[in-house]
Every structure is written in C-alpha cells, then in structure tokens.
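# Summary of the model geometry
Here is what each chain is made of, one letter per residue.
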Amino acid sequence: MPQEPELPPLPSSKSEEDEVTPDLDPFVLDDSESSGSLADSKDGGADADVASPREEEIALAQSLPSAALSPVPAPVVNFNKPTPPRPLSPPLVQSHSQSPKGTTPAQLTRTPSGSPAPVYIPRLTAPSMFLPIPNTDPLSALLTKHVFPERRPRRDVTGEYIGRDIHEMVMSNSWRNLAKMARDRIVASDPEDLGRILDLWSLRLSSLARLRLTNQASAECTNLFAVLNAVPPTSAHHARNMANELRHPFELTVFQARIHYWAGDALGYVDALSGILGRCKERAREEGRILVAAEANLSMWLERAARVCLTLASQMIEMQDYQAAINLLVPLCTRRAPPTFLPTPSPALHSALARVYLLSGNLDKAAEHFEVVASSASESGEGKELVAMNTALLSVALGNWVRAEETLREVVASDPENLTAMNNLAVALLSQGRVKEGIDLLESALKAFPSSVAVAEPFLFNLSTLYELRSATAIDKKRELLVEVAQWSGDGLKTTCLKMPSN
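Each chain has its residues counted from 1, following the order in which its sequence is written. Note on the predicted model: pLDDT of at least 70 is required for a residue's local features to be given, and 80 or more for side-chain atom pairs to be given and counted; whole-chain, interface and lining totals, by contrast, use all residues. To get the side-chain values, all heavy atoms of the structure are used, and hydrogens and water are removed first.

## With respect to helix H11 (residues 295–318)
To keep it simple, the criterion reads: Here a strand is any run of E in DSSP of at least two residues, a helix any run of H or I of at least four, and the numbering for each starts at the N terminus. The span expected for a helix works out to 1.5 Å for each residue beyond the first. Each residue's exposure class comes from its accessible area (1.4 Å probe, protein chains only) as a fraction of the maximum for that residue type: buried when under 20%, exposed when over 50%, partly exposed otherwise.
For H11, built from 24 residues, the straight-helix expectation of 34 Å at 1.5 Å per residue is met to within 8% by its first-to-last C-alpha distance of 35 Å. When we look at burial in H11, the residues that qualify are Leu 298, Trp 301, Leu 302, Arg 304, Ala 305, Ala 306, Val 308, Cys 309, Leu 312, Ala 313, Gln 315 and Met 316.

What follows is the structure, given as structure tokens:
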C-alpha cells in the first residue's frame, strides 16, 4: 500500500526572525519585549510606551483570517491533472527586461524581486488639487489699522517668485512665493517623476503651514492622501512595508498627522504620532535583525523614530503632561547611535530632559541631568555655552536671579549674537524690577540684528510686555516696533506677539 506523501511541519508561531537580538538598540524596544520576544509583544497589539491602536495597522496590510492559520488536511495528490494553457497576455508582474514591446516602466507595478517600480499617478499634478492663496496677511492688516500710509513699509503679498533663488526665499521667509512656486512646478511636472512631485508637495504644504494657512494646508493634504490612498497595494507581502513606503513618504505622513492638531484634536494628534513612532521602531527592529542590513537603512529609521519621539514629547509638554514627555525622552538619552552603537550621552537631549523636569517641579532630577551635560562638556571641551544656559535656568528655578543674570551676561559677552541668552537676560532683569535695562537690552539687539530679531516671536512678545510695564505710551512704542518688524519680517509671523489689537 503506497504511503501518503508526508507534509512539511507547520511553521512555528515564533520564528528566528521574531527573536529580539541582544544588541538591538533599547530605544526601539517595547516594554513588553524586555521579558519576551517580539512575537509575544505583537500579541498585545501595540507598543507599551506608544499608544498605537491596532486598527491603524489594518489600513497598511489586511491580516489573514484566523481560518487561514489553522492546519489543513493533507491534499489528495493528482498526478494526471492537466496542465493549464499558457496565458495569451503577459503577466501583470514582471521585470522591465521581460516586458513586451510598448510597455513603459511607469506601467509596471512591481518586479519579481519585490523592489518598487515607477508609479504613474497623473491626478497628483491636477490644478484642481490646489486652492488659491489669499493676497493679504495679518501683518499687513495691522499696518493698515495702526500706521499712517506714508509710514507703512512696502510688503510683497503677490507671491512672485520669477528670478528669485530658492535659498534666498527660504532665508527671507518668503513662504508665499515658495508655495506658489511649488504649485506651478507640480502642475508642470511629468506624472512619471513621482519622487520630484512628492518633494514639491512637501514644500507646498510646509510653506502653507509657515504661512499659518492651516485650513488650506489641511484641505490640500487631504486631497493629496485621497489620491495616494486610491493607489492599490502591489502585493499583500509588501502592502505594509514597501508599497506603503512608496506611496506615503515619511515627511508627508508626519504632515498628515499634523491635521489633527490644526483641527484642535490634540488626542488625535497624539494617537497619529504614536502610530508613526510605533512603525518607525518596528522597521528599526526589522533592520537590526538582518545581519547584512545596510547601516544607512537602520540609521534612517532610528533617526525618524527619534524625530517623531521629540515631536510627540513637545506635544505632551504643550498639554502639560510632563511625565509622559519624560517617559518619551528618557529612552532617547540612552539610545545607541550608529555607527558604533555604543551608549553615548547627548548633551542636547539631557538638557531638554532636565528642562522638562524643571517644568514638572523636580529640581533634583533636573540638576542630575544638568550634571551629565557638564561632565560631558568638561571631557570634550565643547558645550560650555550650553552648560552656562543650564546653570542660569536652574538658578531661575531656585529663585537666584542674581546668579542667573551673571551667568547670562557671561554668555552674551562671549557670543553677542546669542539672542536666546539676551532674551533670558531681559527676563532676569525684569524679575529684579529693572524694566528700563531690559528694554534697552532688547532694543539694542533689535538694532544690531534686525533680520533675526524681527522673526523671533518670544523676543517681540517680551519687548512688547516691557513697553506696557514701562509707561502709558506703550502703544506708540509698539507702533514703532510694528514698522520695524514689517520691514524685516517675511511671511507667517504670529502677530499676537506684538500685543496690538487687530480689530
């Protein structure tokens, strides 16, 4: 009696790929992974320190039904099964070298190796995707209300960019010009040049955000992702990783999450960022398990995860959830950066973490991290200015305004262009009742560095506040400040920092 062919054993639920390697950066590990494998943590549905809902993964790759994972009976082998005829038309998935005549690379969706092929999305360049930019701004409205016509500086709100260099427009905060330039170049682009089109879309949306046209930026971003999401995934295996990475560039994905913030949905913004952070950590873990993985790929995902983590921590600080911000920043301070992957303390991160501790009232922990920064600076001989700024902030928290003033004056003497130190020094003088000295200090900085001070909103807010405390003629001083700012400031200034009524 012939024996039935023996089926290969079913794969185990925990493969070798799912085991977390001991050398993996602890920053990308979940709390659940410290006592188990990655497969165990996936059963929980999400990272322990990241509030990433399971539903977000469904849009990336539809999971198989549970019936597909159950054992199946042994099939009946039929050796006389007829061979199906060869297809008359070429297969949909093939390499460019095997494509028939007349087939362009843009029509191919994926090669047999799994690498993404060019995608043709003509709707991305349609003029109907964009909204017109208004030819006015809040600063011009303030000038019309508070300044006589003969004293008003001329401001360009037409957005004309012909003959201007893109670097010069960025440095002069000409975001209206950049937004219009990006729109015109997108419309004139070849739909097959997807990478260039998406880069221009990123420039367009970023410029609108800088203009504080948040409703328009949200609408255009929604239009963009409606087109991108309409592109079907090329295969089930790559739907989550490669196809989604092709259709949703990282910068635009982060920008899409920002829509929740502009709509006033702070918790939705946190959830969206947490989902992005979880996916970045997952990709970093996948790259870390591959022995021959390119170092650039792992470094890229670690950097992306760190950037999203910092953005999420900033949002938590804005929501005054300081403990959540601390929980996000602590793993960043201990992460192992390539190429050595050795734990190296970052003075900037330790300083940021210490300042969050100051906000939460934990002065002891703040002093502990400030000491780490000081030790790192003494060993490397760099970062003395950062140490001085930390010393001044700790002195302010302790109520020692005299020591804070002395430390900040030393920083300003060594670096006269340090506007942050000047601004903090003015606050220290105000706290000691020396309002006139604070005004003189900020006015001298405005006269020496007008192009830099005119776009520093905290600086302008403090100067306007000092004007109000000094005399009853504050409106005249603030009117002069408005004229000066209008001459040097570009687009997108938050005019509330001038503390002048707009209606």
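Moving on from the coordinates now.
## Focus on helix H9 (residues 250–262)
Let me state the cut-off plainly: Note on contacts: a residue pair qualifies if any of its non-hydrogen atoms lie within 4.5 Å across the two residues.
Between the first and last C-alpha of H9 there are 19 Å, a value that for 13 residues agrees with the 18 Å anticipated at 1.5 Å per step. Those residues of H9 that sit buried are Phe 250, Leu 252, Thr 253, Phe 255, Ala 257 and Ile 259. Where H9 is buried, its residues contact helix H6 (194–210), helix H7 (214–229), helix H10 (266–289) and H11. The first or second residue beyond H9 is Gly 264, which carries a positive phi of 85°.

## A look at the nonpolar core
Quick reminder of the rule: Within this scheme, the nonpolar core is defined by two criteria: the residues are buried Ala, Val, Leu, Ile, Met, Phe, Trp, Tyr or Cys, and they are joined through side-chain atoms within 4.5 Å.
In terms of nonpolar packing, the biggest core is built from 38 residues, with Val 453, Leu 460, Leu 481, Leu 482 and Leu 498 touching the most fellow members. Those elements that place two or more of their residues in this core are helix H3 (138–146), helix H15 (384–397), helix H16 (401–414), helix H17 (419–431), helix H18 (435–448), helix H20 (457–470) and helix H21 (474–488). One finds Ala 272, Trp 301, Leu 349 and Val 356 within the second-largest nonpolar core, a separate group that totals 36 residues.

## Quick notes on a negative patch on the surface
For clarity, the threshold we go by: Put simply, a patch holds well-exposed residues, over 30% relative accessible area, that have no salt bridge, with like charges counted together within 9 Å and Val, Leu, Ile, Met, Phe, Trp or Tyr side chains within 5 Å. Only the protein chains shown count as cover for residues, and all accessible areas are computed by the Shrake-Rupley method using a 1.4 Å probe. Salt bridge, as applied in this entry: a Lys or Arg side-chain nitrogen positioned within 4 Å of an Asp or Glu carboxyl oxygen. His is not counted, nor are the chain ends; Lys and Arg add positive charge and Asp and Glu add negative charge. Where a charge lies is defined by one atom per residue type: Lys uses NZ, Arg uses CZ, Asp uses CG and Glu uses CD.
Taken together, the side chains of Asp 190, Glu 192, Asp 193, Asp 199 and Glu 251 present a region of like negative charge at the surface. Along the polypeptide, Glu 251 turns up in helix H9. Judged by relative accessible area, Glu 251 falls into the partly exposed class, the value being 41%.

## Here we look at the side chain of Asn 390
Along the chain, Asn 390 turns up in helix H15. With relative accessibility at 3%, the residue Asn 390 sits in the buried group. Beyond its immediate sequence surroundings of up to four residues, Asn 390 is in contact with Ser 351, Arg 355, Phe 370 and Val 373.

## Here we look at the packing of aromatic side chains
The condition that has to hold: For Phe, Tyr and Trp, where Trp contributes only its six-membered ring, two rings pair if their centres lie within 6.5 Å, and the inter-plane angle classes them as stacked under 30 degrees, edge-to-face over 60, or tilted in between.
Scanning the entire structure with this criterion turns up 3 aromatic pairs. Both rings, one in Phe 130 and one in Trp 201, keep their centres 4.8 Å apart while their planes meet at 15°; by these two values the pair is stacked. Here the residue Phe 130 occupies a position in the loop between helix H2 (55–58) and H3, and Trp 201 occupies one in helix H6, the gap between them amounting to 71 residues. Owing to a relative accessible area of 8%, Phe 130 belongs among the buried residues under this scheme. Pairing Phe 255 with Trp 262 gives two aromatic rings, centres 5.3 Å apart and planes at 70°, and the pair type is edge-to-face. Residue classification places Phe 255 among the buried residues on the basis of a relative accessible area of 12%.

## Focus on the confidence of the model for the protein
For any part of a model where pLDDT is low, the fine detail of the predicted coordinates should not be relied upon. Short version of the rule: Across the chain, each position has a pLDDT score giving the predictor's confidence in that residue, from 0 to 100.
For the protein, the mean per-residue pLDDT works out to 77, and 69% of the residues sit at or above 70. Confidence scores differ between elements of the protein, with H2 showing the lowest mean pLDDT of 34 and helix H5 (residues 175–187) the highest of 96. Below a pLDDT of 50 lies the segment residues 1–22, which in the model reaches 23 contacts outside its immediate sequence neighbourhood of four places, other chains included.

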